[in-house]
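Survey of secondary and tertiary structure
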Amino acid sequence: MRSSIEISRPNHSRPYLKIFALILILSLIAVSFKPAAQFIDSQAVNSLRTLFLSIILESLPFLLLGAMISAILEVLVSEDTIARLLPRQTLPGLMVAACLGLLFPLCECGIVIIASRLARKKVPLHLLTTFMLAVPLVNPIVILSTRMAFPDSPMTFYRIAGSLLLAILVGYSVKVVLGRQNVLKPSIESVHSCSCCEHQPGEGMLHKLEAMLVHCSDEFFTMGSFFVAGAFLSSLFQVAVPRNLITEIGSGSCSSIAVMMALAFGLSLCSNADAFVANAFSSSFSMGALTTFLIYGAMLDLKNSFMLFANFKARYVIILFILVTSLVFLYGLAINHIGVIT
Amino acid sequence: MKSIQIIRAAILFVFGYYIIQLLSSGDISKYIHPRFLLGLQLSCGLFLILGLVQLWQVYRTGHHHHPNLKREALACAILAFPLICGIFNPTAVLGSYMIDKKDSNPARTIPVSSSPASPDGSWEPVINDNQFLAAMMILYGNPADYLNRDIEFTAFIYHQDNFPSDCFLAARFGITCCAADAQVTGLLCHFQEQAKLPQDQWVRVKGVLQVQSFMSSEVPIVEVSSLQLIEPPKNPYVY
């Protein structure tokens, strides 16, 4: 009966979804079919298609990994187990959450799926927030690639220390502002409140495996569609906005940080690769601006915001955006300040 | 309800098929770095398994309920688009259009290479694709050290107005993860009849290294001795 209640609830996101779907469908028709593509610059369309597909192909394994981990959590790990494992005090809990990436080197493509699943498993919001923000940054692969891109520079330290600090700060602020509220969207909460898995523990391995795979493909379809939309917009950004235009806007200390943050958000690069792109900007931007590029892009970006808004209530996502944006900006200013002194 | 299940299964199978098609034709190298191949192969297997499980669900009525049919259908439609995009179009390679949109100073944008230029550090005049990025790093690091050395490599032509006169950029895209993070690199080439060469034409360049001042830094430049027009290589990017 629960599902019928969900349907009768007024759905606020639907008009946006329809408009967005229409834009997406029109632009994708333009990109997909040759007759339509002739009206537009064919090189632009070809580049757009290549970038779009390359983002998707590169992220698919990580998206599936996220969906798989989420499914395993759903089927095999109970709320009680998670509650027992979590540290009781706030600060140690946040620190543990921030360092989990060292054990699970996941990138940002799959992390929202897992965070949403953990929220359904009643993991406190502040731990979840810190976990979601820190894992794509504080992990061995990202540390290595940043060191490779910036061999003789304190960049790796700035990036990792900064993201630990910021993730914990944001997590703590979320606890202060929102407490233990439920920020999951009702529709997301209901999708998996099925009675197929956790209430039938005695059905053996095969049944559990099947339940897991069904959940995995459910996750793939719900999250994948938002991911595709985000990937399309970020490749559109790359093709439509010339970099030189962006670099010319930002020359001051504040404006360069703002520009690099906007760029990181729009490009939606994988946190494993963004250091090499940042390296290309190193001659024209300050240390603080580059650091914010590396931190902000991995915490929040265009392709992830769709998944965030799909899973969590808008209030939480907006608070998260405001906190992360302002704190990362201040951190960038602080780094620039240190650079001036030394 | 069942129709959604069947459409989902179909999409999962087509994802698997598309990955197999990309892997077998080798076109996958035009999208992502080879180190992601294993992940993609595993994904392909998982897609096929998920598709089978999804089909199996069709026969198990009442097992799984989908509260919002419209949303499910929309999700399927969106996920089908990358497949339509990929399967019904030839794979396109990034070219001069993307350089225009990116930073086009070749000295600034050399991606870090994973392999060294040559095992003993000596200069090899013929630069193959595996060594391309490493060679660029060395050349841009100390251009004066390689004055009057011979060089030979493959690249595509890129013209821009603010290059020195009679010069074009012999460009390559370097890739770290996927084509979305492609960075342009390459060498400026001095060639009298450069204006006759079309943008994006692939060439085999032979020449001698010189040094020239460009955008307030000393950069290597190739005095071209011979230029051969070639077909685009099977793997257009360097890693």
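On a predicted model such as this, the values are computed, not experimentally measured, just so you know.

Assigned secondary structure in chain A consists of 18 helices and zero strands. Residues counted as buried form 51% of the 342 residues belonging to chain A. Look at the contacts in chain A between residues 6 or more apart in sequence, and 85% of them connect residues 24 or more apart.

Moving on: the overall build of chain B. The helix and strand inventory of chain B stands at five helices and six strands. Each helix and strand of chain B, placed in order from N terminus to C terminus, yields the pattern α-α-α-α-α-β-β-β-β-β-β. Long-range contacts, defined as pairs at least 24 residues apart, comprise 71% of the intrachain contacts of chain B with a sequence gap of at least 6.

Let's shift gears to the pairing of strand 4 (residues 202-214) of chain B. All names here are of chain B. One ladder, built from seven bridges, connects strand 1 (residues 150-158) with strand 4; its direction is antiparallel. Residue pairing across strands places Thr154 opposite Arg204, the latter belonging to strand 4. Two elements, strand 4 and strand 5 (residues 217-229), share 12 bridges in a ladder whose sense is antiparallel. Bridge pairing links Ser213 to Glu218 in strand 5.

Once that is clear, we can look at the environment of B:Ser29. Residues and elements named next belong to chain B. Within the secondary structure, Ser29 sits in the loop between helix 1 (2-25) and helix 2 (37-58). For Ser29 and Ala179, which are 150 residues apart along the polypeptide, the C-alpha to C-alpha distance reads 9.4 Å. Leaving out residues up to four positions away in the same chain, Ser29 has contacts with Pro34 and Asn235.

What follows covers the pairing of strand 2 (residues 167-174) of chain B. Residues and elements named next belong to chain B. Counting buried positions over the eight residues of strand 2 gives seven, a clear majority of the element. In the sheet, strand 1 pairs with strand 2 via three bridges, with the strands oriented antiparallel. Bridge pairing in strand 2 places Phe156 opposite Ala171. With eight bridges connecting them, strand 2 and strand 3 (residues 183-190) associate as antiparallel partners. Looking across to strand 3, one finds that Gly174 is bridged to Gln183.

Once that is clear, we can look at the nonpolar core. Membership of the largest hydrophobic core comes to 169 residues, with the highest contact counts inside it found for A:Ala134, A:Met260, A:Phe293 and B:Ala170. Per-element accounting of this core gives the leading share, 17 residues, to helix 4 (residues 42-76) of chain A. Shared between two domains, this core takes at least three residues from each, and those domains are domain 1 (2-87) and domain 2 (96-238) of chain B. A:Phe293 has contacts with A:Met260, A:Met261, A:Leu263, A:Ala264 and A:Ala278, leaving out every residue within four places of it along the chain.

In this section: the domain arrangement of chain B. All names here are of chain B. According to the domain assignment, chain B consists of domain 1 (2-87) and domain 2 (96-238). Every contact between the two is made by six residues of domain 1 and, on the other side, eight residues of domain 2. Residue composition of the side of domain 1 that touches domain 2, by class: two nonpolar, three polar and one charged.

Let us now look at helix 6 (residues 90-99) of chain A. All names here are of chain A. Along helix 6, the positions that sit buried rather than exposed are Gly93, Leu94, Ala97 and Ala98. Looking down the long axis of helix 6, one finds its buried residues gathered within 130° of arc, a one-sided arrangement. In helix 6, the exposed positions that point more than 90 degrees away from the buried face belong to Leu91 and Pro92. Those residues of helix 6 hidden inside the fold are in contact with helix 8 (125-134) and helix 10 (155-178).

What follows concerns the packing of helix 1 of chain B against helix 2 of chain B. Residues and elements named next belong to chain B. Put simply, helix 1 and helix 2 touch, their axes get as near as 8 Å, and they point 160° apart. Here helix 2 runs roughly antiparallel to helix 1, going by the angle between their axes. As for the relative orientation of helix 1 and helix 2, their crossing is left-handed in sense. Residues Lys2, Gln5, Ile6, Arg8, Ala9, Leu12, Phe13, Phe15, Gly16, Ile19 and Ile20 of helix 1 lie in contact with helix 2, whose contacting residues are Leu40, Ser43, Cys44, Phe47, Leu48, Leu50, Gly51, Gln54, Leu55, Gln57 and Val58.

On to the confidence of the model for chain B, then. All names here are of chain B. Here chain B averages 83 in pLDDT, and 88% of its residues register 70 or above. Least confident of the elements in chain B is helix 4 (residues 96-101), whose mean pLDDT is 80; most confident is helix 2, at 92. Model confidence for the complex: the whole-complex pTM is 0.80, and ipTM, which rates the interface, is 0.88.

Attention now moves to unusual backbone geometry. One non-glycine residue with positive phi stands out, namely A:Lys122, at about 65°. Take A:Lys122: it is sitting in the loop between helix 7 (108-120) and helix 8. Overall, A:Lys122 belongs to the partly exposed group, with 13 C-beta atoms counted inside 10 Å. You will see that B:Asn148, though not glycine, has its phi angle at about 65°, which is positive.

Residue and element names in this part refer to chain B. Relative to the helices and strands, Tyr140 resides in helix 5 (residues 132-141). On the basis of neighbour count, Tyr140 is assigned to the partly exposed category, with 19 C-beta atoms found within 10 Å. Residues Tyr140 and Ile28, 112 residues apart in the sequence, show an inter-C-alpha distance of 30 Å.

Here we come to helix 12 (residues 204-240) of chain A. For helix 12 of chain A, built from 37 residues, the straight-helix expectation of 54 Å at 1.5 Å per residue is met to within 8% by its first-to-last C-alpha distance of 53 Å. Taken across its 37 residues, helix 12 of chain A has 26 buried, putting it largely inside the fold.

All names here are of chain A. Interaxial distance between helix 4 and helix 12 falls to 7 Å at its minimum, and their mutual angle equals 150°. In this view, helix 4 runs roughly antiparallel relative to helix 12, as classed from their interaxial angle. Note on packing geometry: the crossing formed by helix 4 with helix 12 is right-handed.

This brings us to the confidence of the model for chain A. Residues and elements named next belong to chain A. Summing up the model confidence of chain A, the mean pLDDT is 80 and the portion of residues at 70 or higher is 82%. Segment residues 1-13 is flagged for pLDDT under 50; beyond a separation of four residues in sequence, or across chains, it makes 11 contacts in the model. Throughout residues 193-201 the model reports pLDDT below 50, and contacts reaching past four residues in sequence, or to other chains, amount to 10 contacts.

As for its position among the elements, A:Ala229 is in helix 12. Along the sequence, A:Ala229 and A:Leu85 sit 144 residues apart, while their C-alpha atoms lie 36 Å from each other.

About the criteria used
- Residues numbered from 1 in each chain as written.
- Chains lettered and ligands numbered in written order.
- Predicted model: local features only at pLDDT ≥ 70, side-chain atom pairs only at ≥ 80, totals over all residues.
- Helix = DSSP H or I, 4+ residues; strand = E, 2+ residues; numbered from the N terminus.
- Buried ≥ 20, exposed ≤ 12 C-beta atoms within 10 Å, placed from the backbone.
- Contact = placed C-beta atoms within 7 Å.
- Pairing = 2+ DSSP bridges.
- Core = buried A, V, L, I, M, F, W, Y, C linked by C-beta atoms within 7 Å.
- Domains from an automatic or database assignment.
- Nonpolar A, V, L, I, M, F, W, Y, C, P; charged D, E, K, R; others polar.
- Arc of directions from axis to C-beta.
- Axes fitted to C-alpha atoms, helices over the stretch in contact; angles between N-to-C directions.
- Parallel < 35°, antiparallel > 145°, perpendicular 65-115°, else oblique.
- Left-handed = near helix turned anticlockwise from the far one by under 90°.
- pLDDT = per-residue confidence, 0-100.
- Expected span 1.5 Å × (residues − 1).

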